[in-house]
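Inside the fold
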Amino acid sequence: MTGTMRPQLQPPLTPFVDPLPLPRRILAGQGGGELTVRMRAAAHRFHRDLPESRVWAYEGLVPGPTVEAERGQPVRVCWRNEIDRPYPVVVTLAPAETDGDGVPVQCLPGLSGGTPDPDAAALTGYTVVHLHGAVTAAPSDGWTENIFAPGQHAVSDYPMDQRAALLWYHDHVMGVTRLTVYAGLAGLWIIRDQRERELGLPEGPPFEVPLLVQDRNFGQAAGGRLTGELVHKTDPGTMEAFAPFTVVNGKVWPVHDVQPATCRLRVLNGSNARTFRLVLLRDGRPELDRITQIGTDSGLLPAPVAVPADGLVLAPAERADLLVDFSDLAPSGQLTLANTAGAPFDGHPFPATGAAGAADPGQLLPYPDVMRFRAVAGHPARRPRPGRLATDITAPTQADLSGAVRRAVALAEQELDGRPNMVTLRELAVAADGDPQAPVITVVGQHGQTLARLRTAAVHFEDAATFFPVLGRWEVWQLINLTGDTHPIHIHLEPFHVLARRPIAVTVPGNGIGDRDTTATVRLARDPGDELDHVIDANERGLKDTVRVNPHEIVELAIRFQAYSGRYMYHCHILEHEDRDMMRPIVIMPAQLMPFMS
C-alpha cells in the first residue's frame, strides 16, 4: 500500500518519559555454561501511562535476559516451557483498510471493528526456540516443527565456535511465529572474543547498550483510553501487522541518559514486519556523522564505515554494531532517534534531512520517534575511531566460485480471494527444451536474448527438499524478487557474503503466480519506474545472515556450509510471510553420502 496523505496524528502516549530498560544479563560462564531459561506467562508495562499487558516471555521479562557467552566455550540451555495461561494477544483482521476519516486502521489502537480470532485465543503455549545467527548442530537449531508443550522442555547445545556477534533467540513455531514473538518471546545473545577486546570496544554497561527495537499496538476502551492489551491487527489490504508504537527494550519511546562519551549501541530490529531507517536528530537536523558502524549481523566489519546517507536501514532480524559519539553534549543535551521507513517497505529513498517530518499515516508511519538520548554530566571521553576491525573475513575469489553450485529462488506472492495472500520461496531448476508455452520464468539479457528458462521445482514448506548443499563447498544463490515489497531473507546455520544487487524489470502475466507454477519474464535491465540504486551498502560488506531483497532486484550471495550437516531452513523474516509459507528446508550433506542420494 502506498499513500499520499500526511495528516498528523496526535500520539495517545507521551514520548520520552520512560527510562530505557537494560535487559537482565546472564553471563553463561558463571554457570559453567549450563543455563535454564523458562518461558512464562507474565505481566509487563510498556509505558508509564499504560496498564500492564499480558505477555509470554523468557523468564517473564520483555525482552528476555541477554545471554553473554565467550567464543569457544559451549553453552547448554534447558528451555523450560512453563506457560500456564492462554495466549495474551488479541488477534484481529479489521474489516476495512481505513476508518471513517480515511486514516489507515493499522495506525490506530483498538480492533477497528475487527473481531478477535478464536483460533489465536485458543493457543496454549507450544514453543520451539531458535538462536538466530548461531552455528549449531541441527537438533539444536529450533526446527519449526520440533515443538514442545507447556510442562515440557528442550535442551539445546550451542558450541559458540564462531565470531563475536549480536545474536538473538526467539520462538519459531510453525505457522504462528508472528504471534508468539509478538507476545514477547524474544531476547538477545552476545558472543564475545579476544579480537574485540584487543580493539578496546565498550563491553557491558554503561557504555555498551543493547537495543531491541520492535513495534506494538494496544487495545482501546470505549472512551478512547488505551487498555494495555496487546493487539495484533491486520487489514484486508495489508497482511502484515505494522503497529504504530515503537518499543525499545520493552518500552514505548523511551529515553536513555548518556555520559559525554563514545557509546556502543547493539541494535536489533526484532519487529514482525516493520523495517526501520534510523536517523539521529538534534533539534530536528540529522547528525549521522556521529555514528560509526563497526559490525553487522555476524560480527565485526573489516573496517569502520559510515551509515548510509539516508539513514541506517534495518529490516526484521538485521543487526548493527554502532559507535555513537556523545562526547560533545552538554548536560541536558538531547538527540532523538527517528524512523523514516514507510510500510510495507519497498526500499524507497527518503532523505535524512526530512526525517523530522517523516510522519505519514498513509505509509503506516504515524509516529517516527524511536527513542531519545539525553546527556548527563560527566568527564568527556571520546574514543578514537578504530582502524582495521575484523581480520578473519575473506571473501570468496572468482576461483572459489568458478565451480560453485548455482541456485535460483523466486520470491513470489500469490493473490487469494477471501484470505491473506500466500507468499513463497520458489526454488527453480533449468527447464527442459520443448513447449515454449510451459509455465517458466524466462530470464532475458540486456539485448533481448534468452539467457535461461527456469521451471518451478518446489514452492511450499512441506514440498520435498531440493537444496542439498555439500559440506565445505561454495554455493552461489540468486534471490529473484517478483513482488513489490522488500523481503529480508534469513539462512540458518552459516553466514554469507553479499556479492551483487542487480536491477531487473519483471513482467508477470495474469495468473502467472499459481499454486505450483510460475510464469514471468525477468529482464536484466532497470525498470523505468525503479528509483533504487541496487548497490551493496558499505555496511553489507561483512558477514550477513539476513539480507534485504528489494523490488526490481536480484540479490546474489555466496555461502559455504562448513560446520554441520543436517536439516535446516531459510525463510523471509517478515513473520507474517514466514507463517504464510515463505520458508523452505535445506539439507546439508557430507560429500561421501551424496553418491547414495537418489
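The preceding data block contains the structure.
The sections below set out a description of the structure shown in this document. (Residues numbered from 1 in each chain as written. Predicted model: local features only at pLDDT ≥ 70, side-chain atom pairs only at ≥ 80, totals over all residues. Heavy atoms only, no water.)

Describing the packing of aromatic side chains
This structure, assessed with the given rule, holds 15 aromatic pairs. Considering the side-chain rings of Trp477 and Tyr570, the 5.1 Å spacing of their centres and the 70° angle between planes classify their relative orientation as edge-to-face. Placement of Trp477 in strand β30 (residues 474-481) and of Tyr570 in strand β37 (residues 566-572) is noted, with a sequence separation of 93 residues between them. As far as the burial class goes, Trp477 and Tyr570 line up, both buried. Joined through ring pairs, the aromatic side chains of Phe46, Phe218, Phe245, Trp253 and Tyr367 make up one cluster. The residue whose ring lies beneath Arg407 is Phe467, and the NZ or CZ to ring-centre distance is 4.7 Å. (Phe/Tyr/Trp six-rings, centres within 6.5 Å; stacked < 30°, edge-to-face > 60°. Helix = DSSP H or I, 4+ residues; strand = E, 2+ residues; numbered from the N terminus. Buried < 20%, exposed > 50% of the residue type's maximum accessible area, 1.4 Å probe, protein only. Lys NZ or Arg CZ within 6 Å of the ring centre and 35° of its normal.)

Describing the side chain of Asp297
For Asp297, the location among the structural elements is in the loop between β20 (291-296) and β21 (299-306). Judged by relative accessible area, which is 0%, Asp297 ranks as buried. Within the local environment of Asp297, its side chain forms a polar contact with the side chain of Lys544, the two groups lying 3.2 Å apart. In this structure the side chain of Asp297 is engaged in a polar contact, spanning 3.1 Å, whose partner is the backbone nitrogen of Thr546. (Polar contact = N/O pair within 3.5 Å; in protein donor to acceptor, adjacent residues only side chain to side chain.)

Re the nonpolar core
The biggest cluster of nonpolar side chains holds 54 residues, and the ones touching the most others in it are Phe46, Trp79 and Trp189. Sorting elements by how many residues they give to this core places strand β2 (residues 34-44) first, with 5 residues. Ignoring sequence-local partners within four residues, the contact set of Phe46 consists of Ser53, Val55, Val62, Arg216, Phe218, Leu230, Val247, Gly250, Lys251 and Val252. (Core = buried A, V, L, I, M, F, W, Y, C linked by side-chain atoms within 4.5 Å. Contact = heavy atoms within 4.5 Å.)

A few points about the pattern of salt bridges
Summed over the entire model, instances satisfying the criterion amount to 42 salt bridges. Between Glu475 and Arg407 there is a salt bridge; the shortest N-O distance is 2.6 Å. Taken together, the positions of Glu475 in strand β30 and Arg407 in strand β26 (residues 405-414) put the pair 68 residues apart, joining distant regions of the chain. Judged by relative accessible area, Glu475 falls into the buried class, the value being 1%. Among the residues examined, Arg407 registers a relative accessible area of 12% and is labelled buried. The salt bridge partner of Glu427 is Arg584, with a shortest N-O separation of 3.2 Å. Here Glu427 is found in strand β27 (residues 422-430), whereas its partner Arg584 is found in strand β38 (residues 583-588), with 157 residues between them in sequence. Residue class for Arg584 comes out buried when judged on its relative accessible area of 0%. The network of salt bridges with shared partners includes Arg25, Glu68, Glu70, Arg192, Glu196, Arg197, Glu203, Glu208, Arg264, Arg266 and Asp321. (Salt bridge = Lys/Arg side-chain N within 4 Å of Asp/Glu carboxyl O.)

Section: unusual backbone geometry
Cis geometry is adopted by the peptide bond preceding Pro63, which originates at Val62 and carries an omega value of -10°. With respect to the secondary-structure elements, Pro63 resides in the loop between β3 (53-58) and β4 (64-70). Following Pro205, the chain continues into Pro206 via a peptide bond in cis, with omega recorded as 5°. Tracing the backbone shows Pro206 in the loop between α3 (194-198) and β11 (208-216). The phi dihedral of Glu59 falls on the positive side, at around 55°, and the residue is not glycine. Structurally, Glu59 can be placed in the loop between β3 and β4. Residue Glu59 is classed as buried on the basis of its relative accessible area, which comes to 14%.

Quick notes on the side chain of Thr246
Relative to the elements of secondary structure, Thr246 occurs in strand β14 (residues 245-248). Residue Thr246 is classed as buried on the basis of its relative accessible area, which comes to 4%.

Concerning the layout of surface pockets
Rolled over the atoms, a probe sized like a water molecule indicates the empty space that remains. Estimated volume of the largest pocket: approximately 1,200 Å³. The wall of the largest pocket is formed by 50 residues, among which Gly237, Thr238, Met239, Glu240 and Pro344 lie closest to the centre. At the level of elements, β6 (90-93), β13 (226-234) and α5 (575-579) are the ones that each hand at least two residues to the lining of the largest pocket. Per element, the largest residue contribution to the lining of the largest pocket is 3 residues, and it comes from β6. Here the lining of the largest pocket is built from residues that sort into 16 nonpolar, 18 polar and 16 charged. The space that makes up the second largest pocket amounts to roughly 470 Å³. Lining the second largest pocket are 20 residues, with Arg163, Glu494, Pro495, Leu543 and Gln562 positioned closest to its centre. Of the residues contributing to the lining of the second largest pocket, the split by class is 8 nonpolar, 6 polar and 6 charged. (1 Å grid on protein atoms, 1.4 Å probe; cavity = no way out; pocket = protein on both sides within 12 Å on 5 of 7 lines; lining within 4 Å. Points joined across faces, edges and corners; volume = space filled by probe spheres on them. Nonpolar A, V, L, I, M, F, W, Y, C, P; charged D, E, K, R; others polar.)

Notes on the sheet that holds strand β35 (residues 546-549)
Pairing between sheet strands relies on hydrogen bonds along the backbone, with the strands arranged either parallel or antiparallel. An order of β35-β31-β37-β38 is seen for the 4 strands of this open sheet, with the pairing classed as antiparallel. Two strands in the sheet have a free side with no partner beyond their single neighbour: β35 and β38. Along the sheet, successive strands turn relative to each other by an average axial angle of 25°, direction set aside. (Pairing = 2+ DSSP bridges. Axes fitted to C-alpha atoms, helices over the stretch in contact; angles between N-to-C directions.)

Notes on the environment of Glu494
Relative to the elements of secondary structure, Glu494 occurs in the loop between β31 (487-491) and β32 (496-503). Here Glu494 falls in the buried class, since its relative accessible area comes to 8%. Measuring from C-alpha to C-alpha, the distance between Glu494 and Ile513 comes to 30 Å, with 19 residues separating the pair along the chain. Beyond its immediate sequence surroundings of up to four residues, Glu494 is in contact with Val135, Ile559, Arg560, Phe561, Gln562 and Ala563. At 3.1 Å, the side chain of Glu494 forms a polar contact with the backbone nitrogen of Ala563.

Remarks on the sheet that holds strand β10 (residues 186-192)
Taken together, 5 strands build an open sheet; the order of strands is β1-β4-β10-β9-β7 and the sheet is mixed. The open sheet terminates on both sides in strands that have one partner only, identified here as β1 (25-27) and β7 (129-132). Averaged over all pairs of adjacent strands, the angle between strand axes in this sheet comes to 25°, irrespective of strand direction. Relative to β10, strand β9 (residues 165-171) runs antiparallel, the two being bridged by 6 bridges. Bridge pairing in β10 places Leu167 opposite Trp189.

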